[in-house]
Amino acid sequence: MPKQLIADLKEGDPVSSFFQVEQVQLYDFRSRQGKYAVLQLADRTGAIRGVCWDDGEKVHGSFPPGSIARLEGRVEYFNEQLQ
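For clarity, every value in this text was computed on a predicted model and none was experimentally measured.

A. Fine view of the packing of aromatic side chains. Throughout the structure, instances matching the rule amount to four aromatic pairs. A centroid spacing of 6.3 Å and a plane angle of 25° characterise the contact between phenylalanine 29 and tryptophan 53, whose relative ring orientation is stacked. Here the residue phenylalanine 29 occupies a position in the loop between β1 (14–28) and β2 (35–43), and tryptophan 53 occupies one in the loop between β3 (46–52) and α1 (56–62), the gap between them amounting to 24 residues. Judged by relative accessible area, phenylalanine 29 falls into the buried class, the value being 14%. Seen in terms of ring centroids, tyrosine 36 and tryptophan 53 are 4.9 Å apart; in terms of plane orientation they differ by 40°. Their pairing is tilted. With tyrosine 36 in strand β2 and tryptophan 53 in the loop between β3 and α1, the pair connects residues that are 17 residues apart, well separated along the chain. Exposure remark for tyrosine 36: the relative accessible area of 17% places this residue in the buried category. Overall, the relative accessible area of 47% leaves tryptophan 53 in the partly exposed class. When the ring centre of phenylalanine 19 is taken as reference, the NZ or CZ atom of lysine 3 above it lies at 4.5 Å.

See below:
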């Protein structure tokens with residue numbers, strides 16, 4: 001699969017590409033035990049929010065700002081933004 005650029009992503013697109021991690025935050029689930037991670041991801045064309053619902057603590061500790069992460073998932077529209 002060729003490099004995917006953030007500016008080209010559309011709702012429903014599958015994603016499998018590398019992005020730079022700009023920021024990582026950890027949040028408690030409201031309805032269950034554990035935490036999830038929210039990452040601000042970027043490339044030369046823009047930025048997008050990424051949410052990791054599983055192993056949030058591990059993701060938070062593994063990808064400090066400035067690191068490169070391989071993202072796999074699907075683009076969704078939430079709160080009037082793609083993520």
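B. Summary view of the pairing of β1. In the sheet, β1 pairs with strand β4 (residues 68–74) via seven bridges, with the strands oriented antiparallel. Counted as the bridge partner of serine 16 is glutamate 72 from β4. As paired strands, β1 and β2 are joined by eight bridges and run antiparallel to one another. Within the sheet, the bridge partner assigned to valine 24 lies in β2 and is leucine 39.

C. A look at the environment of leucine 41. You can see leucine 41 is positioned in strand β2. Residue classification places leucine 41 among the buried residues on the basis of a relative accessible area of 3%. Linking leucine 41 and serine 67, residues 26 residues apart in sequence, is a C-alpha distance of 10.0 Å.

D. Representation of unusual backbone geometry within the structure. A positive phi angle, close to 50°, is found at asparagine 79, a residue other than glycine. Locating asparagine 79 in the fold gives a position in the loop between β5 (77–78) and β6 (81–82). Its relative accessible area of 61% is what places asparagine 79 among the exposed residues. In the Ramachandran plot, glutamate 80 falls in the positive-phi region, its phi being about 65° despite a non-glycine side chain. As for its placement among the helices and strands, glutamate 80 is situated in the loop between β5 and β6.

Rules behind the numbers
Residues numbered from 1 in each chain as written. Predicted model: local features only at pLDDT ≥ 70, side-chain atom pairs only at ≥ 80, totals over all residues. Heavy atoms only, no water. Phe/Tyr/Trp six-rings, centres within 6.5 Å; stacked < 30°, edge-to-face > 60°. Helix = DSSP H or I, 4+ residues; strand = E, 2+ residues; numbered from the N terminus. Buried < 20%, exposed > 50% of the residue type's maximum accessible area, 1.4 Å probe, protein only. Lys NZ or Arg CZ within 6 Å of the ring centre and 35° of its normal. Pairing = 2+ DSSP bridges.

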